Amino acid sequence: AAKADGRGIHRFYREELLHGAKSRRQMEDDLRVALAQGQLHVAYQPVVSTRDECIVGYEALVRWTHPVRGPISPAEFIPVAEECGLIESIGEWVMRTACADAASWPREVRVAVNVSPIQFANPALPTVIASALSRSGIAPQRLEIELTEGIFLQENNASDRMFQSLKGLGVRLALDDFGTGYSSLGYLKKAPFDKIKIDQSFVRGATMPDTRNAAIIKAIVTLADTLGMETTAEGVEIQDEIALIRSLGCSHIQGYVYGRPASTGEVAAQLASSGGRAQPIGFKNSRAP
Ligand code: C2E
Ligand code: MG
Ligand code: MG
Ligand code: MG
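Residues numbered from 1 in each chain as written. Chains lettered and ligands numbered in written order. Predicted model: local features only at pLDDT ≥ 70, side-chain atom pairs only at ≥ 80, totals over all residues. Heavy atoms only, no water.

*Asks:* Lay out the overall build of the protein in plain terms, naming residues and giving numbers.
*Replies:* When its secondary structure is counted, the protein shows 11 helices and 9 strands. For 289 residues, the compact-globule estimate of 2.2 N^0.38 gives 19 Å, and the C-alpha radius of gyration of the protein, at 21 Å, lies within 12% of that figure. Summarising its shape, the C-alpha atoms of the protein cover approximately 65 × 50 × 40 Å along the three principal directions. Per-residue burial for the protein yields a buried fraction of 44% across its 289 residues. Summarising the internal contacts of the protein: among those between residues at least 6 apart in sequence, 69% fall at separations of at least 24. For the protein, the exposed area adds up to about 14,700 Å²; of that, 54% sits on carbon and sulfur atoms. Distance between charge centroids for the protein: 1 Å, based on 31 positive and 33 negative side chains. (Helix = DSSP H or I, 4+ residues; strand = E, 2+ residues; numbered from the N terminus. Rg over C-alpha atoms; globule rule 2.2 N^0.38 Å. Buried < 20%, exposed > 50% of the residue type's maximum accessible area, 1.4 Å probe, protein only. Contact = heavy atoms within 4.5 Å. Areas by Shrake-Rupley, 256 points an atom, 1.4 Å probe, with all protein chains shown as cover. Lys, Arg positive; Asp, Glu negative; His and termini not counted. Charge placed at Lys NZ, Arg CZ, Asp CG, Glu CD.)

*Asks:* Any details on the coordination of the magnesium ion (ligand 3)? Residues and values, ideally.
*Replies:* For the magnesium ion (ligand 3), the full set of protein donor atoms is Asp176 (OD), Asp177 (OD), Glu234 (OE) and Glu234 (OE), at a range of 2.1 to 2.5 Å. Of note, the magnesium ion (ligand 3) draws all its donor residues from one chain, in the sequence arrangement D-D-x56-E. Taken as a pair, the magnesium ion (ligand 3) and the magnesium ion (ligand 2) lie 4.0 Å from each other and share Asp176 as a ligand. A residue pair is termed long-range when its members are at least 10 positions apart, and Asp177 in strand S6 (residues 172–178) and Glu234 in the loop between strand S8 (230–233) and helix H10 (239–247) qualify at 57 residues. Overall, Asp177 belongs to the partly exposed group, its relative accessible area being 27%. (Donors = N, O, S within 2.8 Å, 3.2 Å for Na, K, Ca; no water.)

*Asks:* Just give me the short version of the pattern of salt bridges, but keep the residues and values in it.
*Replies:* According to the stated counting rule, one finds 14 salt bridges in the structure shown. Lys197 is paired through a salt bridge with Glu146; the nearest N and O atoms lie 2.8 Å apart. Of this pair, Lys197 sits in strand S7 (residues 195–198) while Glu146 sits in strand S5 (residues 143–147), placing them 51 residues apart in sequence. Taken as a pair, Lys197 and Glu146 share a single burial class, namely buried. Its salt-bridge partner being Arg204, residue Glu237 comes within 3.8 Å of it at the nearest N-O pair. In this pair, Glu237 is assigned in the loop between S8 and H10 and Arg204 in the loop between helix H8 (200–203) and helix H9 (213–226), connecting sequence segments 33 residues apart. Accessibility expressed as a relative area gives 36% for Arg204, which makes it partly exposed. One connected set of salt bridges, linked through shared partners, spans Arg110, Glu144, Arg172, Lys195 and Glu230. (Salt bridge = Lys/Arg side-chain N within 4 Å of Asp/Glu carboxyl O.)

*Asks:* Before we move on, could you go through the side chain of Ser159 and cite the residues and values that matter?
*Replies:* With respect to the helices and strands, the residue Ser159 is situated in helix H6 (residues 156–169). When its relative accessible area of 2% is taken as the criterion, Ser159 is described as buried.

*Asks:* A description of the packing of aromatic side chains should follow, citing residues and the corresponding values.
*Replies:* Throughout the structure, instances matching the rule amount to 8 aromatic pairs. Arranged with centres 6.3 Å apart and planes meeting at 35°, the rings of Phe152 and Phe163 form a pair that is tilted. Of the two residues, Phe152 sits in the loop between S5 and H6 while Phe163 sits in helix H6, which places them 11 residues apart along the sequence. Phe152 gets classed as buried once you look at its relative accessible area, which sits at 12%. (Phe/Tyr/Trp six-rings, centres within 6.5 Å; stacked < 30°, edge-to-face > 60°.)

*Asks:* Please set out the packing of helix H3 (residues 87–102) against helix H5 (residues 125–136) residue by residue, giving values where relevant.
*Replies:* Direction vectors running N to C along H3 and H5 enclose 30°, while the axes themselves pass 8 Å from each other. Judged by the inter-axis angle, H3 sits roughly parallel to H5. As H3 packs across H5, the resulting crossing turns out to be right-handed. Of the residues in H5, those touching H3 at Glu92, Met95, Arg96, Cys99 and Ala100 are Val128, Ile129, Ser131, Ala132, Leu133, Arg135 and Ser136. (Axes fitted to C-alpha atoms, helices over the stretch in contact; angles between N-to-C directions. Parallel < 35°, antiparallel > 145°, perpendicular 65-115°, else oblique. Left-handed = near helix turned anticlockwise from the far one by under 90°.)

*Asks:* I'd like a description of the nonpolar core, backed by residues and values.
*Replies:* A general trend in soluble globular proteins is that nonpolar side chains are found buried together. Formed by 74 residues in total, the largest nonpolar core has its most connected members in Leu143, Phe193 and Ile217. Not counting chain neighbours up to four residues away, the residues in contact with Ile217 comprise Ile198, Phe202, Val203, Ala206, Ile245, Leu248 and Cys250. (Core = buried A, V, L, I, M, F, W, Y, C linked by side-chain atoms within 4.5 Å.)

*Asks:* Tell me about the site of ligand 1, residues and numbers included.
*Replies:* Taken together, 22 residues lie near ligand 1, and Arg63, Asp176, Gln200, Glu237 and Tyr256 sit nearest. Asn114 places a side-chain nitrogen or oxygen 2.9 Å from an oxygen atom of ligand 1. Within the side chain of Glu234, one N or O atom sits 3.3 Å away from an oxygen atom of ligand 1. For ligand 1, the protein covers 83% of the area, taking 800 Å² as the surface of the free molecule. Of all elements in the fold, only strand S2 (55–66), helix H2 (74–84) and S6 reach the threshold of two or more residues within the shell around ligand 1. The greatest single-element share of the shell around ligand 1, amounting to 4 residues, is contributed by S2. Looking at the shell around ligand 1, its residues break down into 8 nonpolar, 6 polar and 8 charged. (Near = heavy atom within 4 Å. Polar contact = N/O pair within 3.5 Å; in protein donor to acceptor, adjacent residues only side chain to side chain. Nonpolar A, V, L, I, M, F, W, Y, C, P; charged D, E, K, R; others polar.)

Here it is in structure tokens:
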């Protein structure tokens, strides 16, 4: 029976592959249209100081509302954009939009922008950033570039040169999703990061007594402190985690507990109403099982 099934399974996979490739092609085409027709927008999520609960900045997160499919997650369309070469134009558009939006915020409030390893490998990146800065008029120190460990897959000399150019612009650098990728401590030695963002997977469950997450967070914070880097705990969802993250020494918190990614209108209201202070959201005090 297994043999008889074999052909059927083979045909099934072939059709799946064809279908997969087709829907990917479709998404590429749709993304091109999306960029041209303004279907993309940027949402902003607050980054909060553990010391005084002040909002120190916002992370820019791209959003796509597909005319037929509705909202599509960047976790789904960014990899497609990276594969088909559209990430350069999408990344440039996000960079310009985020800097322009930040120009209307108080001067001490930063903006963080995610930059794909593909953009990082392109020598044109510093020019793209410099142009977004000068068009918007924001100070370079207000812009934080978020990079993932994927950037270290490229040749050493090229990435060293890119780090130099970016630092030369005066922008801040953050290492995103730390602990999930090709983490090597050697990278931290060479790369001039101002901040390490501790991945959500370590934060999730950190308050539970039987997990090792708190120990791992503590170790990352100790390392970052020694190297003079800030730390942001990502994905903090519940109030109990705020106290724990603070006690572990993280300098910043980002997560639903202080706000989901929101529109520029909501950001303006948030900054105005609270005098720049974040309010933990009280609706949720434990994680869903
Ligand atoms: P990331 O840079 O690590 O961004 C953080 C993600 O965690 C965001 O997902 C955010 O909405 C989500 N998040 C924040 N707080 C919480 C929380 O408390 N709980 C949970 N469950 N999630 C939380 P989002 O917006 O879906 O973005 C996913 C990823 O897509 C980003 O991860 C980033 O890698 C990528 N991305 C988003 N925007 C851009 C962009 O403009 N350019 C590039 N290259 N990548 C982007
Ligand atoms: Mg990020
Ligand atoms: Mg992250
Ligand atoms: Mg991530």
